[in-house]
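# Descriptive structure summary
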Amino acid sequence: EVQLVQSGAEVKKPGESLKISCKGSGYSFTSYWIAWVRQMPGKGLEWMGIIYPGDSDTRYSPSFRGQVTISADKSISTAYLQWSGLKASDTAMYYCARPEYGDLGPFDHWGQGALVTVSS
Amino acid sequence: QSALTQPASVSGSPGQSITISCTGTSSDVGGYNYVSWYQHHPGKAPKLMIYDVIKRPSGVSNRFSGSKSGNTASLTISGLQAEDEADYYCSSYTGNSTFGYVVFGGGTKLTVL
């Protein structure tokens, strides 16, 4: 069974750094892209970027390029989303998701989400 | 990154049919047959309901169907059931020959009366 298991909820202060994770299992982790999707409180879904763990090829939405860093450690089948200086506006639920095919295919598997709260 | 345009809310009674629209441009919805629809119950992970405009993943009820005309895609749910009450999001591939990404709609809240 394909599973994406994300790290838990985080509460951080503005300016702090953070790295959240998404561990894949039940499939060949290096053969599928992993994307990150943001949902701000009361808002819709936003595609942030995507990584191919096989070779770490990474692409970002124009809205998120330079704001976050996406990485992966294929040795432990885990993808990451990190911030170097959090802002209150980064408060959101973050999902990892796996496209069924290619880098821009439909997301047939999702993580359970990780709530990030940034508040002073 | 411009979101695709969806109605904020739609409603219907059990047994009825409803349609949710998703309007984009020739650079996204109109230009590619890569429109997907997701059902999202609060507190749960989104679930893929339709992909490649009209295809249904294994296990998704045939009460859900997708279509597209020009720059507007649509999700139709027939025989509405209480458990269909959720938020629905469309998504589409967008971009050009050198760079592509995915754009989502703003979401539509479906209320089953």
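Residues numbered from 1 in each chain as written. Chains lettered and ligands numbered in written order. Predicted model: local features only at pLDDT ≥ 70, side-chain atom pairs only at ≥ 80, totals over all residues. Heavy atoms only, no water.

All names here are of chain B. Relative to the helices and strands, L80 resides in the loop between β6 (72–77) and β7 (86–95). A sequence separation of 68 residues divides L80 from G12, and the C-alpha atoms of the two residues are 7.2 Å apart. Discounting chain neighbours no more than four positions away, the residues touching L80 are G12, S13, P14, G15, Q16, I18, R63, L110 and V112. (Helix = DSSP H or I, 4+ residues; strand = E, 2+ residues; numbered from the N terminus. Contact = heavy atoms within 4.5 Å.)

Take the sheet that holds strand β7 (residues 69–73) of chain A next. Residue and element names in this part refer to chain A. Pairing is antiparallel in the open sheet, where four strands are placed in the order β1-β3-β8-β7. Among the strands making up the open sheet, the edge pair consists of β1 (3–6) and β7. Strand-to-strand, the axes of this sheet are offset by a mean angle of 20°, without reference to chain direction. Pairing between β7 and strand β8 (residues 78–83): five bridges, direction antiparallel. Bridge assignment links I70 to a residue of β8, and that residue is L81. (Pairing = 2+ DSSP bridges. Axes fitted to C-alpha atoms, helices over the stretch in contact; angles between N-to-C directions.)

This next bit is on the interface of chain B and chain A. Between chain B and chain A, the residue contacts involve 20 residues of the former and 23 residues of the latter. For the pair chain B and chain A, the interface holds zero salt bridges. Linking chain B with chain A are five residue pairs in polar contact (both at pLDDT 80 or more), by the criterion used here. Secondary-structure elements contributing two or more residues to the side of chain B that touches chain A are β3 (35–40), β7 and β8 (100–104) of chain B. Its residues assigned to classes, the side of chain B that touches chain A comprises 12 nonpolar, six polar and two charged. (Salt bridge = Lys/Arg side-chain N within 4 Å of Asp/Glu carboxyl O. Polar contact = N/O pair within 3.5 Å; in protein donor to acceptor, adjacent residues only side chain to side chain. Nonpolar A, V, L, I, M, F, W, Y, C, P; charged D, E, K, R; others polar.)

In this section: the nonpolar core. Formed by 25 residues in total, the largest nonpolar core has its most connected members in I20, I34, W36, L81, W83 and Y94 of chain A. With near-sequence residues (within four places) excluded, I20 of chain A lies in contact with S7, E10, W36, A79, Y80, L81, W83, Y94, A114 and V116 of chain A. If you look at the next biggest cluster of nonpolar residues, it comprises 23 residues, including V29, I77, Y88 and V103 of chain B. (Core = buried A, V, L, I, M, F, W, Y, C linked by side-chain atoms within 4.5 Å. Buried < 20%, exposed > 50% of the residue type's maximum accessible area, 1.4 Å probe, protein only.)

The next point concerns the packing of aromatic side chains. Residues and elements named next belong to chain A. The full count for this structure, using the stated rule, is 13 aromatic pairs over all chains. Where Y27 meets F29, the ring centres are 6.3 Å apart and the plane angle is 50°; that geometry is what we call tilted. The same class applies to Y27 as to F29, namely buried. Between W83 and Y94, the aromatic rings sit 4.9 Å apart at their centres with planes inclined by 70°, giving edge-to-face as the arrangement. One end of the pair, W83, is in strand β8; the other, Y94, is in strand β9 (residues 92–99), with 11 residues separating them in the sequence. (Phe/Tyr/Trp six-rings, centres within 6.5 Å; stacked < 30°, edge-to-face > 60°.)

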